[in-house]
Amino acid sequence: MSEASNSSNPLAPTEPLAPTEPTELTANVAPASTSGRSRLKITDVVLTPIAFRDPPLLNSAGVHEPWALRTIVEIHTDEGICGIGETYGDIGHLERLRTVAPALVGLDAYELGPMHQRVAAALRGQTGDDKHGLTGKISAPGTVDRVYSAFEVACLDIQGRAVGRPVVDLLGGAVRDAVPYSAYLFYKWAGHPGTEPDQWGEALDPVGVVSQARQLIDQYGFGSIKLKGGVFPPEQEVDAVRALRDAFPNTPLRLDPNAAWTPGTSLKVAEDLDGVLEYLEDPTPEIAGMAEVAAKAPMPLATNMCVVSFEHVAPSVAVNAVQVILSDHHYWGGLRRSAHLASICEAFDIGLSMHSNSHLGISLAAMTHLAAATPNLNYACDTHYPWNAADDVVVPGVLSFVDGSVAVPAGPGLGIELDRDVLGRLAENYRTCGLVQRDDTGYMRKFEPTYERKRPRW
Ligand code: GKR
Ligand code: MG
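Rules used throughout
Residues numbered from 1 in each chain as written. Chains lettered and ligands numbered in written order. Predicted model: local features only at pLDDT ≥ 70, side-chain atom pairs only at ≥ 80, totals over all residues. Heavy atoms only, no water. 1 Å grid on protein atoms, 1.4 Å probe; cavity = no way out; pocket = protein on both sides within 12 Å on 5 of 7 lines; lining within 4 Å. Points joined across faces, edges and corners; volume = space filled by probe spheres on them. Helix = DSSP H or I, 4+ residues; strand = E, 2+ residues; numbered from the N terminus. Nonpolar A, V, L, I, M, F, W, Y, C, P; charged D, E, K, R; others polar. Buried < 20%, exposed > 50% of the residue type's maximum accessible area, 1.4 Å probe, protein only. Pairing = 2+ DSSP bridges. Right-handed = clockwise from strand over helix to strand, strands pointing away. Axes fitted to C-alpha atoms, helices over the stretch in contact; angles between N-to-C directions. UniProt positions renumbered as here; feature names shortened; annotations may be inferred. Contact = heavy atoms within 4.5 Å.

Draft legend 1. Here's a closer look at empty space enclosed by the protein. Tallying each qualifying case throughout the model produces six cavities of 30 Å³ or more. Considering only enclosed or pocket space, the largest cavity measures out at about 180 Å³ in volume. Residue lining of the largest cavity: 17 residues in total, with A68, L69, H132, S358 and R438 positioned closest to the centre. Among the elements that line the lining of the largest cavity, the one with the most residues is strand β4 (residues 67-77), at four residues. If you add up the space inside the second largest cavity, you get close to 100 Å³. Along the walls of the second largest cavity sit 15 residues, with L134, Y184, K228, N258 and N357 positioned nearest its centre. Each residue belonging to the lining of the second largest cavity can be placed in one class, and the counts come to three nonpolar, nine polar and three charged.

Draft legend 2. Broad picture of the layout of surface pockets. Here the largest pocket defines a volume of roughly 350 Å³. Along the wall of the largest pocket there are 20 residues; nearest its centre are R53, D54, P55, D198 and W387. Those elements that place two or more of their residues in the lining of the largest pocket are α5 (206-220) and α12 (385-388). Here the residues of the lining of the largest pocket sort into nine nonpolar, six polar and five charged.

Draft legend 3. Representation of the pairing of strand β9 (residues 253-256) within the structure. Taking every second residue as pointing to the same face, both faces of β9 are buried, with L253 and L255 on one and R254 and D256 on the other. Across four bridges, the pairing between strand β8 (residues 225-228) and β9 is parallel. For I225, the partnering residue across the bridge sits in β9 and is L253. A crossover links β8 with its parallel partner β9, the connecting element being helix α6 (residues 234-247), and its sense is right-handed. Two elements, β9 and strand β10 (residues 279-281), share two bridges in a ladder whose sense is parallel.

Draft legend 4. Quick look at the sheet that holds β9. Overall, parallel pairing links the seven strands, which are arranged β7-β8-β9-β10-β11-β12-β13 in an open sheet. Each edge of the sheet is formed by a strand with only one pairing partner; in this case those strands are β7 (183-186) and β13 (351-354). Each strand axis lies, on average, 25° off the axis of its neighbour in the sheet, ignoring direction. In this structure, strand β12 (residues 324-327) lies alongside β13, joined through four bridges in parallel fashion. When the bridges of β13 are listed, L326 appears paired with S353.

Draft legend 5. Inspection of the UniProt feature "active site" (unreviewed entry) in the chain at higher detail. The UniProt record marks K228 and H355 with the feature "active site" (unreviewed entry), using the residue numbering of this structure. A maximum C-alpha distance of 12.1 Å is found for the annotated residues, which run over 128 residues; spatially they form one tight group. Here, the second largest cavity is lined by K228 and H355 out of the annotated residues. Within the secondary structure, K228 is located in strand β8. Taking relative accessible area as the criterion, K228 reaches 4% and is therefore assigned buried.

Draft legend 6. A look at the environment of K188. The topology assignment puts K188 in the loop between β7 and α5. In this structure K188 comes out as buried when scored by relative accessible area, which is 0%. Along the primary structure K188 and V63 are separated by 125 residues, whereas in three dimensions their C-alpha atoms are 8.2 Å apart. Not counting the four nearest positions on each side in its chain, K188 is found in contact with P55, P56, L57, L58, D198, W200, G201, E202, A203, L204, Q212 and W387.

See the structure below:
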């Protein structure tokens, strides 16, 4: 039997529509379409790259630079409703956003399937590189999902505003009113070299790590803790986790060395921390390495490095490489595709947690709506927000942590507003800071010229 051609298969997706030219933004035009249904035609897409302050957080690739980069996406419609999204700010990604943006003009903000197709068509098979964080190998479909995500979030914001409902309702409704986040600890220098110590101070040993945990827990009320490892020899990081266990006897703990260890080292650490960790995150590179460790490790293994796109799920399931996937709407293709990932995890009995990179409040709001609508989210979500909150672009008042959780914003759409003065200031930072892409290794080399990025290192 021959395969049906697209034209005879009623289920085959239609070809993406040709991109249209941007049109003038016309506010408050009455909705109209041939069927009489209201339309929310996209009239303009505005991309604003920004830079905000970031402390010297250490990881397996080096150290965070003084500025973290993001892009703020605003989508305008012919009804005058505007939606917002937040995504990576590295130059390659920004260029891809710029390539795609004009192709979205003319679409209806409800046409998310066609929008995904247009993003794919505009990118023409490009594959991005992971310049925005330690999130593994990126494929062409993964690149489409990374670019599409912020546009999807902005369109969901528009849809919610149009019907007067929060995004969580568009995702199926809230199964929890507030979303728990975990304290995200980092080894860190007291301040960026040549500057005064920052408010967090130094954390380079177990005492510093415990004191950082206390600071974060006192301020935010977090009920679980993640330590970013891969910085010091594994025995030292095991000691830090043990110190956390002593200081916080009932708090779930996680350790994430971002693939800094061989399978052998990973197993040794896993055995040393038997009964101490709720999961061990990305101890070693690649699906095969993780499967080797998972076969003997006493605790579940989690990842945001070896399963980062839909095509990685089947090979990972085949060898039981990971027992927890950290979702992240910024690279899993937005909120609705992250909900698909949750269903896949449910089907294969894989745990679900949530990953984070340096981010501001638009991302936090989107993460919170998604997590609130995801029944099988089994763990408190990661967030870098405390490290960057001082520069948030969101008008204060809606996003706050109570007992480590963020209440789902109740207003329409994402339920938050852009602070335009802050946006202007952060856009100016971007123009003057001299960075266009994250480079933790290059920054580390300025202070330790022989530093090498190695994976695995131990
Ligand atoms: O910000 O240094 C960092 C993190 O290491 C980040 O880049 C990772 O992607 O937080 C992430 C993780 O959980 O691996
Ligand atoms: Mg991780």
